[in-house]
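# Chain and residue survey
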Amino acid sequence: MQIIAYDPAWRDATLAFRRRMYPCNPQAGDEQHFVWRQERHPFGAGLSLLAVQDGQVIGHWLGIPERIRCPGAVRTCQWMVDLAVAPEHRDTMAAMQLFRAAGARGENLLAIGVPEDLLPFYTVFRWQRLAIADTFFRVFQPGPSATMAERSLPMAPLVRLADRLLPLAWRARSALRRATSVRLESQPGQEFDRLFDELAPSLGRCGDRGSAWLRWKLFDRPCGAHELLVARDPAGRLQGWIALKRRERAGKARWAEIVDFLCHPDRPDLFDELVEAASSRALQAGCAFVRLRCALPEHCARLRRPSWVRQVRSPIDDLFLLPGADPGARGDLLGHPWHLSSGASDSVDTGQDEWLDASPTGPLR
Amino acid sequence: MPLSALRAVFVEALGLPPDTDVDALTYRSVPQWDSVAHMALIARLESRFDLMLETDEVLDLSSFARCREILAAHGCRFDD
């Protein structure tokens, strides 16, 4: 078995492998989606390593590039988004070799969504673990949410009644708090770059969320329903934004996930407006709940009961980081605070992990 | 250090019955020793014997006997 860097000549074999590994996620093996994610990212190509044997792909380590704006520096990183090994080769050390090869490239590596049983991989390969974020839920319908979590709620008739009445109450609340300054937009331009440059110093460590990233992530993608809600002041100046995507697990629930957001931590009113607007969109789309991963203390402080449920999903929400050969990267990246809302939003998940500790990625054993 | 200390780490990390013939173990010779358990074993070895294995050694540690050799290179010698 060999570990090699991905090359477009391997695209068909890689896609066939990914279709086999992720049968529940059509995007994983879709050529357009793969090319968009792998070859059209504004920050460059993702680190992609293949385990090959006898001309066949038997394992894949896939990263997505990221630029982390740190105090005084910009660090280029790779989000580890997929690690898969063919079932018939899981009694080999293919997964370990892929892990080792990725680390040996000397790049700064990031991961989120690590399940408990895979923690030893990260420990042994010297990844650092930062508990910097929690998950918050706003529940509109407890029934479908419980189904997603594979939990049974007592008093089923009451739950069914709540499933019908609560959305009405939420809609009434949403109408009362309607954020008039927040609108849907689809053409993020240079003013988004200026806003990010202005806000980045107050966010600690934060992924580059300028216009190029927004266009790539939200609007250039070949599939997926993403929306960008933008807050402007009365003069039309950009103040902040929040991005939302809808997800659905057939027969279980439809829900919305905050993909990312940007606003000044000292503007709690604006943050509230943005999350209210996102919740309102989710309600309109018939979602059972909204999920928001949040890290900055100023923002987390706004997500209180009874509107929000805080779910500590360690290690799922923890950031795992392997500083690369770049001098100074360790000191820059291992500090606090971070502004991190969602680093695993394209993951293949079981659905259950939206609520519980469960593997959000393909099986690795 | 008694060899029983090393055997105990294998039994604990891999979740093996106490009467397992640990000295004869090789990677994947028992269902419990898969890649995830391998990493748990490495983490347990490093913690118990206060050492840090190189990644090549992590991959090379494919049997109890080989483990004994690798740990000996780190100054951990086990007496039968």
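Residues numbered from 1 in each chain as written. Chains lettered and ligands numbered in written order. Predicted model: local features only at pLDDT ≥ 70, side-chain atom pairs only at ≥ 80, totals over all residues.

## A few points about the overall build of chain A
When you go through chain A residue by residue, the secondary structure sums to 11 helices and 16 strands. On C-alpha atoms alone, chain A measures out to a radius of gyration of 21 Å, which is about the 21 Å that the 2.2 N^0.38 rule sets for 365 residues. For chain A, the spread of C-alpha atoms along the three principal axes comes to 65 × 50 × 35 Å. A buried classification covers 44% of the 365 residues belonging to chain A. (Helix = DSSP H or I, 4+ residues; strand = E, 2+ residues; numbered from the N terminus. Rg over C-alpha atoms; globule rule 2.2 N^0.38 Å. Buried ≥ 20, exposed ≤ 12 C-beta atoms within 10 Å, placed from the backbone.)

## Considerations on the nonpolar core
Residue and element names in this part refer to chain A. Within the largest apolar cluster, 115 residues are counted, with the highest numbers of intra-cluster contacts made by Leu229, Ile242, Leu274 and Ala278. The residue makeup of this core includes at least three contributed by each of domain 1 (2-130) and domain 2 (134-312). Not counting residues up to four positions away in its chain, the partners in contact with leucine 274 are Val182, Leu229, Ala231, Gly240, Ile242, Phe261 and Cys263. (Core = buried A, V, L, I, M, F, W, Y, C linked by C-beta atoms within 7 Å. Domains from an automatic or database assignment. Contact = placed C-beta atoms within 7 Å.)

## Some remarks on unusual backbone geometry
For the peptide bond that leads from arginine 305 of chain A to proline 306 of chain A, omega is 5 degrees, which places it in the cis range. Along the polypeptide, proline 306 of chain A turns up in the loop between α10 (297-300) and β14 (309-311). Positive phi values are uncommon outside glycine, yet arginine 28 of chain B reaches one of about 70 degrees.

## Observations concerning the interface of chain B and chain A
Taken residue by residue, the interface counts 11 residues in chain B and 16 residues in chain A. Elements supplying a minimum of two residues to the side of chain B that touches chain A: α2 (35-49) and α3 (55-60) of chain B. When residues in the side of chain B that touches chain A are grouped by element, the largest group, 6 residues, is from α2 of chain B. For the side of chain B that touches chain A, a count of residues per class yields 7 nonpolar, 2 polar and 2 charged. (Nonpolar A, V, L, I, M, F, W, Y, C, P; charged D, E, K, R; others polar.)

## Let's talk about the packing of helix α6 (residues 156-176) of chain A against helix α9 (residues 268-284) of chain A
Residues and elements named next belong to chain A. Where α6 meets α9, the closest approach of the two axes is 10 Å, and the angle between their N-to-C directions is 140 degrees. Considering the angle they form, α6 stands oblique to α9. α6 and α9 meet at a crossing whose hand is left-handed. Side by side, α6 and α9 meet where Pro167, Trp170, Arg171 and Ser174 of the first sit next to Glu276, Ser279, Ser280 and Leu283 of the second. Class assignment for the residues of the contact of α6 with α9 results in 3 nonpolar, 3 polar and 2 charged. (Axes fitted to C-alpha atoms, helices over the stretch in contact; angles between N-to-C directions. Parallel < 35°, antiparallel > 145°, perpendicular 65-115°, else oblique. Left-handed = near helix turned anticlockwise from the far one by under 90°.)

## Notes on the pairing of strand β13 (residues 289-294) of chain A
All names here are of chain A. Within β13, 6 of the 6 residues are buried, which leaves the element mostly enclosed by the surrounding structure. Every second residue of β13 is oriented toward a common face, with Phe289, Arg291 and Arg293 on one face and Val290, Leu292 and Cys294 on the other, all of them buried. As defined by bridge partners, strand β7 (residues 134-139) adjoins β13 across 6 bridges and the pair is classed as antiparallel. Across the sheet, the residue bridging to arginine 138 is valine 290, located in β13. As paired strands, strand β12 (residues 253-262) and β13 are joined by 3 bridges and run parallel to one another. Across the sheet, residue tryptophan 255 finds its bridge partner in β13, namely phenylalanine 289. Crossover β12 to β13 through α9 is right-handed. (Pairing = 2+ DSSP bridges. Right-handed = clockwise from strand over helix to strand, strands pointing away.)

## Things to note about the packing of helix α1 (residues 3-14) of chain B against α2 of chain B
Residues and elements named next belong to chain B. Running from N to C, α1 and α2 point in directions that differ by 140 degrees, and their axes come no closer than 9 Å. Judged on the interaxial angle alone, α2 and α1 are oblique. Every pair of crossing elements has a handedness; the one defined by α1 and α2 is right-handed. Contacts between α1 and α2 involve Val9, Phe10, Glu12, Ala13 and Leu14 on the former and, on the latter, Ala37, Ala40, Leu41, Arg44, Leu45 and Arg48. Residues belonging to the contact of α1 with α2 are distributed by class as follows: 8 nonpolar, no polar and 3 charged.

## Side note on the domain arrangement of chain A
Residues and elements named next belong to chain A. When its domains are assigned, chain A resolves into domain 1 (2-130) and domain 2 (134-312). Averaged C-alpha coordinates put domain 1 and domain 2 at centres separated by 28 Å. The interface of domain 1 with domain 2 comprises 12 residues on the first partner and 12 residues on the second. A total of 5 residues in the side of domain 1 that touches domain 2 trace back to one element, the largest contributor, which is strand β3 (residues 56-70). Residue composition of the side of domain 1 that touches domain 2, by class: 4 nonpolar, 4 polar and 4 charged.

## Quick look at the sheet that holds β13 of chain A
All names here are of chain A. Here we have 7 strands laid out as an open sheet, ordered β8-β10-β11-β12-β13-β7-β14, and mixed in their pairing. In the strand order of this sheet, the two ends are held by β8 (182-185) and β14, each with one partner. In this sheet, neighbouring strand axes are inclined to one another by 30 degrees on average, regardless of whether the strands run parallel or antiparallel. Of the pairings in the sheet, the one linking strand β11 (residues 238-249) to β12 comprises 9 bridges and is antiparallel in character.

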